[in-house]
Amino acid sequence: MSDGSDSDGGSLNFVEVHVEKDLADGRFDGRVQTRFPPEPNGYLHIGHAKSICLNFGVAKKYGGKCNLRFDDTNPTKESTEYVESIQDDIRWLGFDWGEEQLFASDYFEQLYAFAVQLIEKEKAYVCDLTAEDTREYRGTLTTAGRNSPYRDRSVEENVELFASMRAGEFPDGSRTLRARIDMASPNLNLRDPVLYRIMRATHHRTGDEWCIYPMYDFAHGQSDSIERITHSICTLEFENHRPLYDWCLDALEIYHPRQIEFARLNMTYTIMSKRKLLELVRDGHVTGWNDPRMPTIIGLRRRGYTPESLRSFCETIGVAKFNSTIERGVLENSVREHLNKVAPRVMAVLRPLKVVITNFPEGETELLDAVNNPEDPQAGTRQVPFSRELYIERDDFMEDPPKKFFRLGPGREVRFRYAFFVKCNEVVKDESGEVVELRCTYDPATRGGSAPDGRKVKGTIHWVSAADAVSAEVRLYDHLFRTENPEASEEGGGYQENLNPTSLETLSDCRLEPSLAVAEPGQRFQFERLGYFIVDSVDSSADGLVFNRTVTLRDSWAKIQRRKGK
RNA sequence: UCGGGGAUCGGCUAAAGGUAAGCUGCCUGACUUUGAAUCAGGUGACGAGGGUUCGAAUCCUUCUCCCCGAGCCA
């Protein structure tokens, strides 16, 4: 294909361009095999979702496979908790890596053999320099390094020493195995990089079997090679490592995949660093990796995001080498778009204001038909009870409203969704002057929401019947950070200075229409005129419903207000 | 300072020497029993200079700015 497009007419991202070129050149016998290689040292976040969609997506598009391989070469940071969460998250996202459980740690024996081969080829040596000395010998960005005094040990001595390293005869950090490349290389990764270090730590899979562990650079490429990966797709920061990736494979004379680097995802109002996300959890700024404010997959999931929305998000943002930052709103749009199609509509009042319909008979209830989802006729209808005492949203009433306020005010008439036209006659206040109740009349002739006399109302508001309402707690989430780029702090402090103090608002006195009484954890709804909400999977129970707001609806009224406020 | 990358509407991406396109945002308007959704229109870009060419976002060149790199992390 040379016109830059695929069969659907969509354009190719640059990775796919490279893959198609390789396919056309017969470079890997027409195979495409990718891999997603997380280190199990934290939970996956939306940035990983980009990589997952890319790797699994490219494999699928060209009839290949994508492996899930854990890059578990540093036992001090890794655990099975993370392994399991990563598998869960990938499955939930909708991807399948087959039955294989792949771990770099499964290749430790093979990797060790590779290292011995390198020694035998005089391309690696055991070095006794301390960590500090190693750094000092390495030189700087602008000055060449110096050869280690241990660089010219004999093959025999190196083989023996390396075996002793493995056998546990030396203390942690006392020796390393290094590649013999070029201490004067302008690429610091090539200045005799460390291949193995001595580290007594219990590995989550190999236990105490090993006391030496391979470095990323010596494990990753060879693991790719063993799995016969064709395209090893990673992020930009590994671009400087590619010469070393290639060097190892060439030195070993083994199958040689191609590494391609793309720009990782950055998003406004959040951070993507695993280390910093871990700090947020540890320091108690969030309730856990699954806090709905976290950019983690599990957090977004609990927040109410759908796998479809995350996948379509990854599709829209594209893949390139330019270091870009995606607006948070793009993510929000992706979930709105999906939920608009599938989420059942219900009425819920978050901040209740009592309304008494003075001309509606006491103790009576009228059942009204409401559409479950106007975007999906199959979803059918349900009945909602209307009675003398109702609740409406406090925001839907103003005592002294401007002309363009289409909701309730003294003397104004609006439509109560799916019910009647209602007119406000009287405003009741408490001693402090706060509005506590509205006394209104309804027009029985407008049942269902339209007037036989053809009169129109400008606004439609949601409501719930007071006697029939179910109570719930609703958690409203806002950006975790108050600045677009939390990493850039004004006072020179850390990103934590930019935490948004109002990122969570908990409303405990919400009233929902009765159909919600049986809502199950994980069920998603649109609360009409408010947003999309999900029953919390952790804290919600039958006698204590808890909802998380996934995202608000677009709100052009709020936008107008904001514009005026400026 | 050395090496490796990068720069196209406000944001994100296409254009593979031949009409700078799409999505999103923003602004209008239509419709509306969700100020939602939907629909229509508008706004708006090749980092700068030089060169090659009939023709350059694309090739060459100089410059500017940004990112990555001196872990026994990945």
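Residues numbered from 1 in each chain as written. Chains lettered and ligands numbered in written order. Predicted model: local features only at pLDDT ≥ 70, side-chain atom pairs only at ≥ 80, totals over all residues. Heavy atoms only, no water.

Peer 1: Which residues make up the overall build of chain A, and what values go with them?
Peer 2: Counting its secondary structure elements, chain A contains 13 helices and 25 strands. The C-alpha atoms of chain A give a radius of gyration of 31 Å, which is well past the 24 Å a tight globule of 566 residues would have. Projecting the C-alpha coordinates of chain A onto the three principal axes gives extents of approximately 100 × 55 × 45 Å. By residue count, 53% of the 566 residues in chain A fall in the buried class. A sequence separation of at least 24 residues applies to 70% of the contacts in chain A between residues at least 6 apart. Here chain A contributes 74 positive and 91 negative side-chain charges, whose respective centroids are spaced 5 Å apart. (Helix = DSSP H or I, 4+ residues; strand = E, 2+ residues; numbered from the N terminus. Rg over C-alpha atoms; globule rule 2.2 N^0.38 Å. Buried < 20%, exposed > 50% of the residue type's maximum accessible area, 1.4 Å probe, protein only. Contact = heavy atoms within 4.5 Å. Lys, Arg positive; Asp, Glu negative; His and termini not counted. Charge placed at Lys NZ, Arg CZ, Asp CG, Glu CD.)

Peer 1: Tell me what's going on with the domain arrangement of chain A, and back it up with residues and numbers.
Peer 2: Per the domain assignment, the segments of chain A are domain 1 (31-262), domain 2 (274-344 + 472-563) and domain 3 (348-462). Contact residues are listed per partner, giving 22 residues for domain 2 and 23 residues for domain 3. Together, the buried faces of domain 2 and domain 3 total about 1800 Å²; carbon and sulfur atoms form 51% of this surface. Scanning the region where domain 2 abuts domain 3 turns up 5 salt bridges. We note a salt bridge from K341 to E375, for which the minimum N-O separation is 3.5 Å. Put simply, domain 2 and domain 3 have 9 residue pairs in polar contact (both at pLDDT 80 or more) between them. Contributions of two or more residues to the side of domain 2 that touches domain 3 are made by α12 (328-342), β21 (470-477) and β22 (504-512). (Domains from an automatic or database assignment. Buried area = accessible area lost by both parts, 1.4 Å probe. Salt bridge = Lys/Arg side-chain N within 4 Å of Asp/Glu carboxyl O. Polar contact = N/O pair within 3.5 Å; in protein donor to acceptor, adjacent residues only side chain to side chain.)

Peer 1: Talk me through the protein's contact with RNA strand B; I want residue IDs and the actual numbers.
Peer 2: Around RNA strand B, the structure places 69 residues, and the nearest of them are L188, R345, G448, Q526 and R554. Backbone atoms, meaning sugar plus phosphate, form 62% of the atoms of RNA strand B positioned within 4 Å of the protein. In this structure, a phosphate oxygen belonging to RNA strand B sits 3.1 Å away from a side-chain N or O atom of S324. One nitrogen or oxygen atom from the side chain of N340 is found 3.1 Å from a sugar or linking oxygen belonging to RNA strand B. Elements that contribute at least two residues to the surface near RNA strand B include exactly α5 (131-138), β6 (194-198), α12 and α13 (556-565). The residue makeup of the surface near RNA strand B, split by class, is 22 nonpolar, 25 polar and 22 charged. (Near = heavy atom within 4 Å. Nonpolar A, V, L, I, M, F, W, Y, C, P; charged D, E, K, R; others polar.)

Peer 1: Explain the sheet that holds strand β2 (residues 65-70) to me, using residue names and the numbers behind them.
Peer 2: In a beta sheet, neighbouring strands are held together by backbone hydrogen bonds and run either parallel or antiparallel to one another. Pairing in this open sheet of 3 strands is parallel, and the strands run β1-β2-β3 from one edge to the other. If you trace the sheet from one side to the other, it starts and ends with β1 (33-36) and β3 (102-103), each paired once. Of the pairings in the sheet, the one linking β1 to β2 comprises 4 bridges and is parallel in character. By the bridge assignment, R35 is partnered in β2 with N67. Of the strands in this sheet, β1 and β2 touch helix α2 (residues 46-61), which is tilted by about 160 degrees from β1. In this fold helix α3 (residues 80-93) packs onto β1, β2 and β3, with an angle of close to 160 degrees to the strand it touches most, β2. (Pairing = 2+ DSSP bridges. Axes fitted to C-alpha atoms, helices over the stretch in contact; angles between N-to-C directions.)

Peer 1: Summarise the state of the cysteines; cite the residues concerned and give the values.
Peer 2: Tallying each qualifying case throughout the model produces 0 disulfides. Counting only cysteine sulfurs, C314 is the nearest neighbor of C53, a cysteine outside any disulfide, at a range of 3.7 Å. Of all cysteine sulfurs, the one in C424 lies closest to C440, which takes part in no disulfide; the gap is 4.5 Å. Overall, C440 belongs to the buried group, its relative accessible area being 0%. (Disulfide = S-S within 2.5 Å.)

Peer 1: Which residues make up α2, and what are the values?
Peer 2: Between its first and last C-alpha, α2 extends 22 Å over 16 residues, near the 22 Å set by a 1.5 Å rise per residue. Counting buried positions along α2 yields 13 of 16 residues, so the element is predominantly enclosed. Phi for G63, located one or two positions after α2, is positive at around 70 degrees. (Expected span 1.5 Å × (residues − 1).)

Peer 1: Kindly report on the packing of aromatic side chains, identifying the contributing residues and their values.
Peer 2: Considering all chains together, one arrives at 24 aromatic pairs under this definition. The interplanar angle of 90 degrees and the centroid separation of 5.8 Å between the aromatic rings of Y43 and Y82 together place this pair among those described as edge-to-face. Pair noted here: Y43 is in the loop between β1 and α2 and Y82 is in helix α3, with a separation of 39 residues, a long-range link. As far as burial versus exposure is concerned, Y43 and Y82 are alike and both buried. Pairing F527 with F533 gives two aromatic rings, centres 4.1 Å apart and planes at 15 degrees, and the pair type is stacked. Relative accessible area serves as the criterion here: at 0%, F527 is assigned to the buried category. (Phe/Tyr/Trp six-rings, centres within 6.5 Å; stacked < 30°, edge-to-face > 60°.)

Peer 1: Could you give an account of the side chain of Q526, naming the residues involved and the relevant values?
Peer 2: Mapped onto the elements, Q526 comes out in strand β23 (residues 524-527). Side-chain polar atoms of Q526 contact the side chain of Y532, separated by 3.1 Å.

Peer 1: Kindly report on the nonpolar core, identifying the contributing residues and their values.
Peer 2: Ranked by size, the top nonpolar core spans 37 residues in total, and within it I46, I90 and F313 carry the most contacts. Where this core is concerned, the elements lending two or more residues are α2, β2, α3, α10 (297-303), α11 (307-317) and α12. Ranked by residue count, the leading element in this core is α2, at 6 residues. Core analysis: the next-biggest nonpolar cluster, separate from the first, contains 36 residues, F114, Y196, I198 and W210 among them. (Core = buried A, V, L, I, M, F, W, Y, C linked by side-chain atoms within 4.5 Å.)

Peer 1: Would you mind going over the environment of P149 in detail, with residue names and values included?
Peer 2: With respect to the helices and strands, the residue P149 is situated in the loop between α5 and α6 (155-166). Note on P149: relative accessible area 54%, which makes it exposed. For the pair P149 and A131, spaced 18 residues apart in sequence, the C-alpha separation works out to 14 Å. Excluding anything up to four places from it in sequence, P149 contacts L129 and Y137.

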